[in-house]
Amino acid sequence: MAHIWVRAEQREMEQRVGLTPQGAKALLDAGHQVTVEDSPARAIPTDGYAKAGCVIAPAHSWPDAPSDAIILGLKELDADGPDLTHRHIMFGHAYKGQADGPALLRRFRRGGGTLLDLEYLLDDTGRRIAAFGYWAGFAGAAIGMKAWIAQTSGTSLGAIGVYPGKTALLDELRKDLAALPDAPAPAALVIGALGRVGSGACDLCTALGLSVTRWDKAETASGGPFPEILDHEIFVNCILASPSVPVFVPAEAVAKARRLSVIADVSCDPSSSYNPIPIYHRSTTFADPLVRVTDSPVPLDVMAIDNLPSMLPAESSEDYADQLLPYLEDLDTDRTGVWKRAGAIYETHVSKV
């Protein structure tokens, strides 16, 4: 049986977790051992884990965990930490040329640990077994709406906070829209509408009564150009950058006559040479959510936050944890091969640093 150690997150604004108290109890009932670090910032209180029967450990004490413990987190670790001796389950952001990736992999290599990257937990068809995509799309579209409301009201969009649930977020957006009685509702275009991310974005727009144009692979197969994007006030990109993805908004489109004033780039890959929106060059944050690309002929703002589900931490955690739980239950036997495949991917990448 496995010993699963749920660590407290270190990243600011990160309140999500990959295991709920109900999931922890299921693991305990199956014979696994579960330790959960205390974290007052976590959206799900520590008391729930204690009541489920978990051992509670101090926050950030995982470096001293037993050698057989498997450390379960979400976001990447601080860049200047110790060598890593345990098996870690997390989003490592180390396999796509990210700046901090080589240093993280060298820490694993020196310490003898293993990265089981959540992004690379794949079934035998190559599909991810768990993803936060729906809530990334929902939150990304919501911030796109906030940006449009700020533009329309002549104000600046300040820092974005964390919401207790989608109802509170939708209530706020409806109230803010109602305060603009003379402004027609914006039209939104979502590319990648058939995927998890796009579904979340479309659901947010539909809940607010917006007109939504839904595009997927068929609508972008021509390779562009796509002048229709410029005829919508809000464009939500839900397609990951790759060599096969065309450019959606080229640099020359910025100066053209357009209704487009907000781009919510949920996929958020500005440093990639395949970026389909090559008009901005940095990610944004909850504290500073927008890049102003231009003020003419109308303003154009881009939102590119890379941890959007953190805006709705309770709902996104519960959804993700439910997807991941069957595979955590199978950690010691790995009957599906998910963990073996993740280990092989790690070995391929760590051998290159």
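As shown above, the structure is provided for reference.
Residues numbered from 1 in each chain as written. Predicted model: local features only at pLDDT ≥ 70, side-chain atom pairs only at ≥ 80, totals over all residues. Heavy atoms only, no water.

> Just to check I follow, could you spell out the overall build of the protein chain for this structure?
Helix and strand counts for the protein chain stand at nine helices and twelve strands. Relative to its length of 353 residues, the protein chain is compact, with a C-alpha radius of gyration of 21 Å against a globular reference of 20 Å. For the protein chain, the spread of C-alpha atoms along the principal axes amounts to about 60 × 45 × 35 Å. In the protein chain, buried positions account for 53% of the 353 residues. Accessible area for the protein chain stands at about 15300 Å²; split by element, carbon and sulfur atoms hold 52% of it. Taken together, the 31 basic and 44 acidic charged side chains of the protein chain have centroids lying 3 Å from each other. (Helix = DSSP H or I, 4+ residues; strand = E, 2+ residues; numbered from the N terminus. Rg over C-alpha atoms; globule rule 2.2 N^0.38 Å. Buried < 20%, exposed > 50% of the residue type's maximum accessible area, 1.4 Å probe, protein only. Areas by Shrake-Rupley, 256 points an atom, 1.4 Å probe, with all protein chains shown as cover. Lys, Arg positive; Asp, Glu negative; His and termini not counted. Charge placed at Lys NZ, Arg CZ, Asp CG, Glu CD.)

> Just checking my understanding: could you explain the pairing of strand β2 (residues 33-37) for this structure?
Consecutive residues of a regular strand have side chains that alternate between opposite faces of the sheet. Burial runs high along β2: four of the five residues are buried. This β-α-β element, strand β1 (residues 3-6) to helix α1 (residues 21-29) to β2, shows right-handed connectivity. Summarising the sheet, β2 and strand β3 (residues 55-57) pair through three bridges and their orientation is parallel. Bridge assignment links Thr 35 to a residue of β3, and that residue is Val 55. Note on the crossover from β2 through helix α2 (residues 46-52) to β3: the handedness is right-handed. (Right-handed = clockwise from strand over helix to strand, strands pointing away. Pairing = 2+ DSSP bridges.)

> What am I meant to see in the packing of aromatic side chains here?
Each pair of aromatic rings is reported with the distance of its centres and the angle of its planes. Under the definition given, this model contains eleven aromatic pairs. Judged by centre distance (6.3 Å) and plane angle (45°), the rings of Phe 91 and Tyr 320 are tilted. With Phe 91 in the loop between β5 (87-90) and α3 (101-111) and Tyr 320 in helix α8 (residues 313-329), this residue pair connects regions lying 229 residues apart in the sequence. A network of ring pairs unites the aromatic residues Trp 215, Phe 226, Phe 235 and Phe 248 as a single cluster. It is Arg 16 that lies over the ring of Phe 132; its NZ or CZ is 4.4 Å from the centre. (Phe/Tyr/Trp six-rings, centres within 6.5 Å; stacked < 30°, edge-to-face > 60°. Lys NZ or Arg CZ within 6 Å of the ring centre and 35° of its normal.)

> How should I be thinking about the side chain of Arg 107 in this particular structure?
With respect to the helices, strands and loops of the structure, Arg 107 is situated in helix α3. Filtering out sequence-adjacent residues up to four positions away, Arg 107 remains in contact with Leu 77, Asp 78, Ala 79, Gly 81, Pro 82, Asp 83 and Leu 84. (Contact = heavy atoms within 4.5 Å.)

> Help me understand the side chain of His 3, please; the structure alone is not making it clear to me.
Looking at where His 3 falls in the secondary structure, it is placed in strand β1. Of the polar contacts made by the side chain of His 3, one reaches the side chain of Thr 35; its length is 2.9 Å. In this structure, His 3 is in contact with Gln 33, Val 34, Thr 35, Pro 66, Asp 68, Ala 69 and Ile 70, ignoring residues within four places of it in sequence. (Polar contact = N/O pair within 3.5 Å; in protein donor to acceptor, adjacent residues only side chain to side chain.)

> Looking at this structure, I do not really get the packing of α1 against α8. What am I missing?
Packed helix pairs are specified by the crossing angle of their axes together with the interaxial distance, meaning the distance between the axes. Where α1 contacts α8, the two axes come as close as 10 Å, and the packing angle between them is 15°. What the angle tells us is that α1 and α8 run roughly parallel. Helix-helix and strand crossings are classified by hand; for α1 and α8 the assignment is right-handed. Contacts from Gly 23, Ala 26 and Leu 27 in α1 reach Leu 325, Leu 328 and Glu 329 in α8. Taken together, the residues of the contact of α1 with α8 sort by class into four nonpolar, one polar and one charged. (Axes fitted to C-alpha atoms, helices over the stretch in contact; angles between N-to-C directions. Parallel < 35°, antiparallel > 145°, perpendicular 65-115°, else oblique. Left-handed = near helix turned anticlockwise from the far one by under 90°. Nonpolar A, V, L, I, M, F, W, Y, C, P; charged D, E, K, R; others polar.)

> What's the story with helix α6 (residues 196-207) in this structure? I'm lost.
Since the α-helix turns once every 3.6 residues, residues separated by three or four places project in the same direction. For α6, which comprises twelve residues, the first-to-last C-alpha distance of 17 Å matches the rise-based estimate of 16 Å (1.5 Å per residue) to within 8%. Within α6, the full set of buried residues consists of Val 197, Gly 198, Gly 200, Ala 201, Cys 202, Leu 204 and Cys 205. Against α4 (133-153), α5 (166-178), β7 (187-191), β8 (211-215) and β9 (234-237) lie the buried residues of α6. Remark: Gly 209 follows α6 within two positions and exhibits a positive phi of approximately 75°. (Expected span 1.5 Å × (residues − 1).)

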